[in-house]
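Here are the chains, one letter per residue:
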Amino acid sequence: MTENALGTAGQQAATEAAGGDRTATSSPPPGSAGGPAPVDSAQPSTVGGPPPDAGGRPPRPTLGRRALALADSLWRPALVLAAFFAAWWFVAAREYVPNYLVPTPGQVWTTMTDQWSELARHTMVTLYETVLGFVLAAALGLAAAVAIAYSRTLDKALYPIVLFAQVIPKIAIAPLLVVWFGLGLTPKIILAVLIAFFPVVISGVAGLRSTDPELLDLAATMGAGPWRTFRKIRFPNALPHLMAGLKVAVTLAVVGAVVGEFVGASEGLGYVLLLANGNLDAPLLFADLILMSAIGIVLFVLVEIAEALLIPWHASRRAGVSLTTS
Amino acid sequence: MTAAPAQAGTAIGMSNLTVRFSSRRSQTTALDDVSLDIEPGEFVTIVGPSGCGKSTLLKIVAGLVRPTSGEVSLLDRPVRGPQKEIGFVFQKAALLEWRGARANILLQAEMRGMDRAQAARRADELIEMTGLTGFEKALPHELSGGMQQRVALCRALLHAPPVLLMDEPFGALDALTREQMNAELHRIWRETGTTVVLVTHSIAEAVFLGTRVVVMSARPGRIIRTFPVELPAHRDYAQVMSDPRFDRLATDLRGLLGSAAANH
Ligand SMILES: Nc1ncnc2c1ncn2[C@@H]1O[C@H](COP(=O)(O)OP(=O)(O)OP(=O)(O)O)[C@@H](O)[C@H]1O
Ligand SMILES: [Mg+2]
């Protein structure tokens, strides 16, 4: 493909090469995988594809290469995790700490498999509250961000409210929400929304405001109205910021749901946690904690995958490698 | 492509333009009483010291900056607000980093709601003409500075605008590519009859491309002089460079610009 390009535009390629030394001094070196992103240079360069050949452009990563890159990005965390489990097992099995405080991984595993159907039901409840809370927070947060970024009046009117909603301790209003909305799912979802809303608004506003004014001038000379300008320029431009905010939001949504369950619930992982705590049932408590973390991690990875699909151009993935942001 | 705008009237009319930018601490007069009429089909090049208001002048014509006082007209209509009968090449390439080269060019069509098939065909023509073949899908960060600027040029030409405003479009190019692009732009201008206003820091570029060279003074920007370029309408780069008339004009311009900068 690159060869073809060089063939048809041979003359051009020659000029590019002639200007090469000039470019090298004035702009970031084309060889350093990822160009201007300084993050990439900090990573060990085991992965980054072959350096783009002069005048051509780096080939898009193939499926095989992506799988390799994925494996490469996973072995380090996997190793750390394995070491952690080994240490845990060692401490618990030798009973350096009594088993009623720290159970062995085996005990936790047995509890998890024995009570799986119950635990799965509670996990689904918490997952449902979290996802619904997150989606609502994302939608409301984005709407607020657009309003704030586009209107000076709404900026002045909404920002204090948003900030106030953030600084009030959510855990303190949880009981109030239970009083208002009862023991059902509603107070948990509201709590998840309240906690996850803020990072979405902040990142959305930052993203929408980061549009290069020159691009807005360009849109104006193209006779485009505000909707087209939003859809084609401002929104895609805001996506990298927004996705960063959504990643924070999704992990916070789990916290919101669980805190809601602490205050008053008859189901969900937060409820199970309180139960296990009351019965000094350490294996159940640990199993429950693992499931809570699993919800957070799975949702986080899903948002990361969405990010990789939505903004493949974004600097942090220019090298086309890591799945997890460094 | 476009029919040559043969009708009478002015393509761009500027009378007594003054622009002041005031911030909390200071006030800058960017342009001071600038008047200039540009006929349809003219190729006007503007040279002047850095910061003398050249970019501001183009933005006023495009309706992106409102002058503090004075009148502008484009195609015999007063300019109030952003104009869409133009193609604008900005000083920076101003590409969308998430779109490939071809998609960046086609942004023009999407924003204007142009016919898709026709726009796509025209985009392919322009890509071939500017030597971008093979890089249609390349993202801006995968393109050299010169290639990015060529993408911006294609984007500005996509809708065959009657007026083309270019702000140092070739500043980021190496000398050889720059000459090629100059020759290419010259050919496009001859073939389409588009009215072009081009800002540049290169005297050679200003003379080779222009039918008229406008020299501006250091801030506050005024027009010091305009030189008609007495070279054939159909120009060849090598020939022009060895033409004694080119040398004379270039020397005059250099002298004038030197004194303009010295006054600063
Ligand atoms: N939006 C703005 N707000 C305040 N001052 C501005 C603004 N735009 C331009 N200026 C000022 O107006 C003057 C002219 O700016 P302009 O960009 O038009 O210069 P220029 O001739 O294009 O310079 P260069 O050759 O370096 O591109 C400068 O002094 C600049 O600081
Ligand atoms: Mg300028």
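Residues numbered from 1 in each chain as written. Chains lettered and ligands numbered in written order. Predicted model: local features only at pLDDT ≥ 70, side-chain atom pairs only at ≥ 80, totals over all residues. Heavy atoms only, no water.

Enquirer: When you look at the site of ligand 1 in this model, what are you seeing that I'm missing?
Expert: All names here are of chain B. Near ligand 1 lie 14 residues; those nearest to it are Ser 50, Lys 54, Ser 55, Thr 56 and Arg 219. Between an oxygen atom of ligand 1 and a side-chain N or O atom of Thr 56, the distance comes to 2.5 Å. Between His 201 and ligand 1, the recorded distance is 3.0 Å, taken from a side-chain N or O atom to an oxygen atom. Starting from 630 Å² of accessible surface for ligand 1 in isolation, the protein chains cover 63%. Of all the secondary structure elements, the ones that give two or more residues to the shell around ligand 1 are strand 2 (27-38) and helix 1 (54-61). Considering every element that reaches the shell around ligand 1, the biggest residue donor is helix 1, with 3 residues. Classifying every residue of the shell around ligand 1 by side-chain character gives 3 nonpolar, 8 polar and 3 charged. (Near = heavy atom within 4 Å. Polar contact = N/O pair within 3.5 Å; in protein donor to acceptor, adjacent residues only side chain to side chain. Areas by Shrake-Rupley, 256 points an atom, 1.4 Å probe, with all protein chains shown as cover. Helix = DSSP H or I, 4+ residues; strand = E, 2+ residues; numbered from the N terminus. Nonpolar A, V, L, I, M, F, W, Y, C, P; charged D, E, K, R; others polar.)

Enquirer: Explain the domain arrangement of chain B here, please?
Expert: Interfaces are frequently sized by the accessible area removed from exposure as the parts join. All names here are of chain B. Each assigned domain of chain B is listed here: domain 1 (1-85 + 162-230) and domain 2 (92-160). In this complex, domain 1 contributes 15 residues to the contact, which on the side of domain 2 involves 13 residues. Together domain 1 and domain 2 conceal approximately 1200 Å² of surface at their shared face, both sides included; 70% is due to carbon and sulfur atoms. For the pair domain 1 and domain 2, the number of links is 0 salt bridges. Inspection of the domain 1/domain 2 interface yields 2 residue pairs in polar contact (both at pLDDT 80 or more). Looking at the side of domain 1 that touches domain 2, the elements with two or more residues in it are strand 7 (163-167) and helix 5 (175-192). (Domains from an automatic or database assignment. Contact = heavy atoms within 4.5 Å. Buried area = accessible area lost by both parts, 1.4 Å probe. Salt bridge = Lys/Arg side-chain N within 4 Å of Asp/Glu carboxyl O.)

Enquirer: Help me understand the pairing of strand 9 (residues 212-216) of chain B in this model?
Expert: In summary, the side chains of a regular strand alternate between the two faces of the sheet. Residue and element names in this part refer to chain B. For strand 9, the buried fraction is high: 5 of the 5 residues fall into the buried class. With burial as the criterion, each face of strand 9 is covered, one bearing Arg 212, Val 214 and Met 216 and the other bearing Val 213 and Val 215. Bridge count between strand 3 (residues 43-47) and strand 9: 4 bridges; the pairing is parallel. Across the sheet, residue Thr 45 finds its bridge partner in strand 9, namely Val 213. One ladder, built from 5 bridges, connects strand 9 with strand 10 (residues 223-228); its direction is antiparallel. Considered in strand 10, the bridge of Arg 212 is made with Pro 228. Taken together, strand 9 and the strand that follows it, strand 10, pair antiparallel across an intervening segment of 6 residues. (Buried < 20%, exposed > 50% of the residue type's maximum accessible area, 1.4 Å probe, protein only. Pairing = 2+ DSSP bridges.)

Enquirer: What's the story with the side chain of Arg 235 of chain B in this structure? I'm lost.
Expert: Residues and elements named next belong to chain B. With respect to the helices and strands, the residue Arg 235 is situated in the loop between strand 10 and helix 7 (237-242). Buried charge without a salt bridge: Arg 235, with Asp 243 as the nearest opposite-charge side chain at an N-O distance of 8.7 Å. A polar atom in the side chain of Arg 235 sits 3.0 Å from the backbone oxygen of Val 207. A distance of 2.9 Å separates a polar side-chain atom of Arg 235 from the backbone oxygen of Gly 210. Those residues in contact with Arg 235 that sit more than four places away from it in its chain are His 186, Val 207, Phe 208, Leu 209, Gly 210, Thr 211, Val 229 and Val 240. (Lys, Arg positive; Asp, Glu negative; His and termini not counted.)

Enquirer: Where do I start with the nonpolar core in this structure?
Expert: Taken as a class, soluble globular proteins show a tendency for nonpolar side chains to be buried jointly. Core analysis: the biggest nonpolar cluster contains 80 residues, and Ile 12, Met 14, Ile 46, Leu 57, Phe 88 and Leu 165 of chain B have the highest contact counts within it. With 10 residues, helix 12 (residues 226-263) of chain A is the single largest residue contributor to this core. Residues lining this core come from more than one domain, with at least three contributed by each of domain 1 (1-85 + 162-230) and domain 2 (92-160) of chain B. With near-sequence residues (within four places) excluded, Ile 46 of chain B lies in contact with Lys 54, Leu 57, Val 197, Leu 198, Val 199, Thr 200, Val 214 and Met 216 of chain B. Counting residues in hydrophobic clusters, the runner-up holds 53 residues, among them Phe 43, Met 147, Val 151 and Leu 157 of chain B. (Core = buried A, V, L, I, M, F, W, Y, C linked by side-chain atoms within 4.5 Å.)

Enquirer: What's the story with the coordination of the magnesium ion (ligand 2) in this structure? I'm lost.
Expert: Under ideal tetrahedral coordination, the four donors around a metal are separated by 109.5 degrees; under ideal octahedral coordination, the six donors are separated by 90 or 180 degrees. Only Ser 55 of chain B (OG) and Gln 91 of chain B (OE1) from the protein coordinate the magnesium ion (ligand 2), and they sit 1.9 to 2.4 Å from it. Of this pair, Ser 55 of chain B sits in helix 1 while Gln 91 of chain B sits in the loop between strand 6 (86-89) and helix 2 (101-112), and the two are 36 residues apart along the sequence. (Donors = N, O, S within 2.8 Å, 3.2 Å for Na, K, Ca; no water.)

Enquirer: How should I be thinking about the sheet that holds strand 5 (residues 77-78) of chain B in this particular structure?
Expert: Sheet strands pair by backbone hydrogen bonding; their relative direction is either parallel or antiparallel. Residues and elements named next belong to chain B. Reading across the sheet, the 4 strands line up as 2-1-4-5 and stay open at both edges, with antiparallel pairing between neighbours. In this open sheet, the two strands that pair with only one neighbour each are strand 2 and strand 5. In this sheet, strand 4 (residues 69-74) lies alongside strand 1 (residues 12-22) in antiparallel orientation, the contact comprising 5 bridges. Residue pairing in the sheet places Met 14 in a bridge with Val 72 of strand 4. In the packing of helix 1 onto the sheet, the strands contacted are strand 1, strand 2 and strand 4, and the crossing angle to strand 1 comes to about 120 degrees. (Axes fitted to C-alpha atoms, helices over the stretch in contact; angles between N-to-C directions.)

Enquirer: How should the packing of helix 7 (residues 116-150) of chain A against helix 10 (residues 186-209) of chain A be read in this particular structure?
Expert: To describe two helices that pack against each other, one gives the angle between their axes and the distance between the axes. Residue and element names in this part refer to chain A. The N-to-C vectors of helix 7 and helix 10 enclose an angle of 35 degrees; their axes lie 6 Å apart at closest approach. In this structure, the crossing between helix 7 and helix 10 has a hand that is right-handed. Split into classes, the residues belonging to the contact of helix 7 with helix 10 amount to 20 nonpolar, 3 polar and 3 charged. (Left-handed = near helix turned anticlockwise from the far one by under 90°.)

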